[in-house]
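Topology and contacts: notes
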Amino acid sequence: MELLLTIKEKDIFKDCKEQSNIDYKLRIAPRAVLFDNDNKVALLHVAKYDYYKLPGGGKEPSEDLIEALKRECYEECGCNIEVTGEIGQILEYRDRIALKHETYGFLAKVVGEKKEPLFVQDERNSNYKLLWLDLDKAIELVANSK
């Protein structure tokens, strides 16, 4: 998958100095631009912190990227999906917490009916809300989010 962007803490926090010799823990997370049959895009609003993100999340060691994405979309969006394409990869180096975060972006579509999300307790505590929006509106919300 094509690498689209590498982000380091110094790119976000101007007072950070680049560190070396960090033993990063790895987190791998597939995410989807997921369209339904009405051509609406799934977007998650994390109300507690007032930001928006695409559905998807952490890959379990026993899963491949697509299996993890299908599981995450079922949990967060209440639907089965079909992956229709690749978008690209983003690498994030979070020095303060010694985390290397690999995000893999995919295009996907809903297969079958949509049900209620099955948010885990942490997501319920953060007051996650699933939204189905026109693509332009979803882009606007993400672009203007924290």
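Residues numbered from 1 in each chain as written. Predicted model: local features only at pLDDT ≥ 70, side-chain atom pairs only at ≥ 80, totals over all residues. Heavy atoms only, no water.

Let us look at the environment of Pro30. With respect to the secondary-structure elements, Pro30 resides in strand β2 (residues 25–35). Distance from Pro30 to Lys59, taken between C-alpha atoms, is 7.2 Å for residues 29 residues apart in sequence. Sequence-distant contacts of Pro30, defined by excluding residues within four places in its chain, comprise Pro55, Gly56, Gly57, Lys59, Leu65, Ala68, Leu69, Tyr104 and Phe106. (Helix = DSSP H or I, 4+ residues; strand = E, 2+ residues; numbered from the N terminus. Contact = heavy atoms within 4.5 Å.)

Next up on the list: the layout of surface pockets. A probe as big as a water molecule, rolled over the atoms, marks out the empty space that is left. The calculated volume of the largest pocket comes to roughly 1400 Å³. Arg31, Tyr51, Tyr52, Lys53 and Leu54 are, among the 47 residues lining the largest pocket, the residues nearest its centre. (1 Å grid on protein atoms, 1.4 Å probe; cavity = no way out; pocket = protein on both sides within 12 Å on 5 of 7 lines; lining within 4 Å. Points joined across faces, edges and corners; volume = space filled by probe spheres on them.)

Below, the discussion takes up the side chain of His45. In this fold, His45 is placed in strand β3 (residues 41–46). At 3.0 Å, the side chain of His45 and the side chain of Asp50 are in polar contact. Dropping the residues within four chain positions of it, His45 is found in contact with Asp50, Tyr51, Tyr52, Asn127, Tyr128, Lys129 and Leu131. (Polar contact = N/O pair within 3.5 Å; in protein donor to acceptor, adjacent residues only side chain to side chain.)

With that out of the way, let us pick up helix α2 (residues 65–77). Compared with an ideal rise of 1.5 Å per residue, which puts 13 residues at 18 Å, α2 spans 17 Å between its outermost C-alpha atoms and is within 8% of the ideal. Taken residue by residue, α2 has Ala68, Leu69, Glu72, Cys73, Glu76 and Cys77 as its buried positions. Around the axis of α2, the buried residues are gathered within 130° of arc, so they sit on the same side. Check the buried side of α2 and you find it contacts β2, β3, β5 (80–94), β6 (99–111), α3 (121–125) and β7 (128–133). The backbone nitrogen of Ile66 lies 3.1 Å from a side-chain oxygen of the residue at the head of α2, namely Asp64. In the stretch just after α2, Gly78 is the one whose phi turns positive, near 70°. (Expected span 1.5 Å × (residues − 1). Buried < 20%, exposed > 50% of the residue type's maximum accessible area, 1.4 Å probe, protein only. Arc of directions from axis to C-beta.)

We now examine the nonpolar core. Nonpolar side chains in soluble globular proteins generally cluster together in the buried interior. Counting residues in hydrophobic clusters, the biggest one holds 12 residues: Ala32, Leu34, Ala42, Leu69, Cys73, Cys77, Cys79, Ile81, Tyr104, Phe106, Ala108 and Val110. At the level of secondary structure, the elements contributing two or more residues to this core comprise β2, α2 and β6. For this core, the element with the most residues is β6, which contributes 4 residues. With sequence-adjacent residues up to four places away left out, Phe106 is seen in contact with Met1, Pro30, Arg31, Ala32, Val33, Leu65, Ile66, Leu69, Val83, Gly85, Glu86 and Ile87. Phe35, Val41, Leu43 and Leu133 belong to the second-largest nonpolar core, a separate cluster that totals 8 residues. (Core = buried A, V, L, I, M, F, W, Y, C linked by side-chain atoms within 4.5 Å.)

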